[in-house]
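Overview (structure and organization)
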Amino acid sequence: MTAPMSHPRYQSLQIRERLVAGVEAGITSQEGLIAHGRGEAFDYLLGERTTDSAMNATRASVAMLLAAECPVLSVNGNVAALVPGEIIEMSRIIGAQIEINLFYRTEKRVRAIAAHLRSHGASASEILGEQPDASLPLDHARSRVCKDGIHAADVVLVPLEDGDRCQALVGMGKSVIAIDLNPLSRTAETATITIVDNVVRAIPNMIRLARQMDGLPEDRLIDIVMRHDNRKALKDAIREIVSQWST
Ligand code: PTJ
């Protein structure tokens with residue numbers, strides 16, 4: 001079914017359809033649909049907009065990625081279905097690797113995601129994750145990473161994360177940027193910077209800011225990162241939800 005453009009929830013229905021198509025194409029897990037439903041509920045509470053605190057976190061994240069020596073963008077089944085072209089575009093502006101890393105890992109789904117990213121213009125060498133050769137201290141499939149990718153990264157972007165891997169990456173001394181609509185999640189609290197926004201808005205915002213900020217001196221980028229306080233940003237996000245519904 002294709003939602004009519006006149007439908008008041010057209011955008012939201014379109015996103016759902018992209019994820020359902022992702023499941024049908026073997027890219028997104030069925031569990032990904034459930035995770036999306038949870039995200040939708042928080043997005044509704046946020047007013048389905050990028051809040052001021054999310055934009056501040058986005059700016060700090062872009063500064064962190066631009067200042068990084070070895071940045072990696074982690075891709076799962078939801079991200080591949082929702083923002084495949086945008087992830088590739090951002091990786092090129094930032095100079096980051098893309099690595100497929102799945103919670104519900106099957107080799108078939110990893111291959112389908114890699115082929116999907118290639119069909120959106122990525123070259124084979126831009127996509128890591130098909131042949132993991134290193135591991136994170138985790139007892140599930142997300143432990144399987146690439147030596148030259150997530151394992152070596154100093155900054156990892158983890159959209160739609162589970163708290164475990166976020167904790168493991170931070171424990172390894174890496175800076176972690178999470179994109180998570182739930183400001184109360186373990187991931188949101190554990191990440192170095194959390195962007196409380198929908199990936200379909202956050203990644204295009206990151207691309208726009210990366211274009212503007214590319215070329216800023218390193219000390220300026222580091223200053224932007226240092227002035228960001230994740231705990232305060234999460235409190236601001238909760239305040240923005242409350243004020244959205246209390247007027
Ligand atoms: O493709 P796989 O196998 O790696 O599986 C991916 C999922 C997302 C299924 C897996 O990581 C998972 O189970 O995630 P969780 O633990 O359900 O967490 C997903 C988080 O992402 C929740 O806090 C949601 O609120 C949030 N979320 C869902 N959709 C979006 C989102 N955040 C930003 N943008 C979204 N579109």
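Presented here is an overview of the structure given in this document. Here the structure is a predicted model, which is why all the values come from computation and not from measurement.

Observations concerning the overall build of the chain
A tally of helices and strands in the chain yields 11 helices and eight strands. Over its C-alpha atoms the chain spans a radius of gyration of 17 Å, differing by no more than 12% from the 18 Å that the globule rule assigns to 247 residues. A principal-axis box enclosing the C-alpha atoms of the chain has dimensions of 55 × 50 × 35 Å. The 247 residues of the chain split such that 53% are buried. A total accessible area of about 11500 Å² is found for the chain, and carbon and sulfur atoms account for 52% of it. The distance from the centre of the 27 positive side-chain charges to the centre of the 31 negative ones in the chain is 2 Å.

Some thoughts on the packing of helix 2 (residues 30-46) against helix 11 (residues 230-245)
Close contact between helix 2 and helix 11 brings their axes to 8 Å; oriented N to C, the two are set at 65°. Within the contact between the two elements, helix 2 uses Y44, L45 and L46 and helix 11 uses A237, I241, Q244 and W245. Residues of the contact of helix 2 with helix 11, tallied by class, amount to six nonpolar, one polar and no charged.

Thoughts on the pattern of salt bridges
Taken as a whole and judged by the stated rule, the model has 15 salt bridges. Of the charged contacts, one joins D197 and R201 as a salt bridge, the two residues approaching to 2.8 Å between their closest N and O atoms. Note on accessibility: D197 and R201 belong to one class, buried. The partner of R227 in a salt bridge is D223, with the nearest N and O atoms 3.1 Å apart. Within the structure, one salt-bridge network assembled from shared partners comprises D43, D197 and R201.

Comments concerning the sheet that holds strand 3 (residues 127-128)
Taken in spatial order, the six strands line up as 3-2-1-6-7-8 in an open sheet, and their pairing is parallel. Pairing within the sheet leaves two strands with one partner each, and these edge strands are strand 3 and strand 8 (193-195). Sheet topology places strand 1 (residues 71-75) next to strand 6 (residues 155-159); three bridges connect them, and they run parallel. The residue of strand 6 that forms the bridge with V72 is V156.

Thresholds applied
Residues numbered from 1 in each chain as written. Predicted model: local features only at pLDDT ≥ 70, side-chain atom pairs only at ≥ 80, totals over all residues. Heavy atoms only, no water. Helix = DSSP H or I, 4+ residues; strand = E, 2+ residues; numbered from the N terminus. Rg over C-alpha atoms; globule rule 2.2 N^0.38 Å. Buried < 20%, exposed > 50% of the residue type's maximum accessible area, 1.4 Å probe, protein only. Areas by Shrake-Rupley, 256 points an atom, 1.4 Å probe, with all protein chains shown as cover. Lys, Arg positive; Asp, Glu negative; His and termini not counted. Charge placed at Lys NZ, Arg CZ, Asp CG, Glu CD. Axes fitted to C-alpha atoms, helices over the stretch in contact; angles between N-to-C directions. Contact = heavy atoms within 4.5 Å. Nonpolar A, V, L, I, M, F, W, Y, C, P; charged D, E, K, R; others polar. Salt bridge = Lys/Arg side-chain N within 4 Å of Asp/Glu carboxyl O. Pairing = 2+ DSSP bridges.

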